[in-house]
Amino acid sequence: MNTLTDAWHWLTDSAHWSGDDGIWHRLAQHLVLTVVCLVISCVIALPIALVLGHLGKGGALAVNISNIGRAVPTFAVLVLLLLTPVGKWGEGPTVVALVLFAVPPLLTNAYVGMREVDRDVVRAARGMGMTGSQMLFRVELPLSSHC
């Protein structure tokens, strides 16, 4: 109970809500770090998943390889990165670790979404004379976002 009481007193102390070490400043840092890691992860994972889902080849292998990363503890990766030259970049190890752990679910879910598009619709688009990129952006991508 002492820890809970100490936490309550720390949170209700007005000194912790202002300044460069205040809660609002730390919240802003956390949100910026989250957005940066999410954007980097999306830039890496989504193009790979969309292309593999569109082609229908190699996706299962890529998904399985990326899912191996889910078995590695986040804290262990962060500690290992701190011991490398990346550890001298300030927030670098944290960004790298969070990106490594955000890529597998993004890749897996985007690939599965692309593969869940009804193949009859894709064949109909091909029969209408659509090119590969037209099918990707006008048929598969809109339909996969609803799966």
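Throughout this description, residue numbers start from 1 for each chain and increase along the sequence as written. Per-residue local features are limited, in this predicted model, to residues with pLDDT of at least 70; the limit for side-chain atom pairs, both in listing and counting, is 80 or more; totals at the level of whole chains, interfaces and linings are taken over all residues. Heavy atoms from the whole structure form the basis of all side-chain values; hydrogens and water molecules are not counted.

Visitor: Let's hear about the environment of Arg119: which residues, and what values?
Guide: Secondary-structure assignment places Arg119 in helix α6 (residues 119–127). The spatial distance from the C-alpha of Arg119 to the C-alpha of Glu140 is 9.5 Å, given a sequence separation of 21 residues. In this structure the side chain of Arg119 is engaged in a polar contact, spanning 3.2 Å, whose partner is the backbone oxygen of Met114. Note on conventions: DSSP H or I runs of at least 4 residues are helices, E runs of at least 2 residues are strands, and numbering of each starts at the N terminus. In the analysis that follows, any N or O atom pair within 3.5 Å is treated as a polar contact, provided that within protein one partner can donate a hydrogen and the other can accept it, and provided that, for residues neighboring in sequence, both atoms belong to side chains.

Visitor: Talk me through the packing of helix α4 (residues 74–82) against helix α5 (residues 92–115); I want residue IDs and the actual numbers.
Guide: Orientation of α4 relative to α5, taken along the N-to-C sense of each, is 140°, at an axis distance of 9 Å. Helix-helix and strand crossings are classified by hand; for α4 and α5 the assignment is right-handed. Residue-level contacts link Thr74, Val77, Leu78, Leu81 and Leu82 of α4 to Pro93, Thr94, Val96, Ala97, Leu100 and Phe101 of α5. Class assignment of the residues belonging to the contact of α4 with α5 gives a composition of nine nonpolar, two polar and no charged. To define axes, lines are fitted to C-alpha atoms, for helices over the stretch in contact only, and angles between the resulting N-to-C directions are given on a 0 to 180 degree scale. For any pair of crossing helices, the crossing counts as left-handed if the nearer helix is rotated counterclockwise from the farther one by less than a right angle, and right-handed if it is rotated clockwise. Contact between two residues is taken to exist if any of their heavy atoms lie within 4.5 Å; hydrogens are not considered. Note on residue classes: Ala, Val, Leu, Ile, Met, Phe, Trp, Tyr, Cys and Pro are nonpolar, Asp, Glu, Lys and Arg are charged, and everything else, Gly too, is polar.

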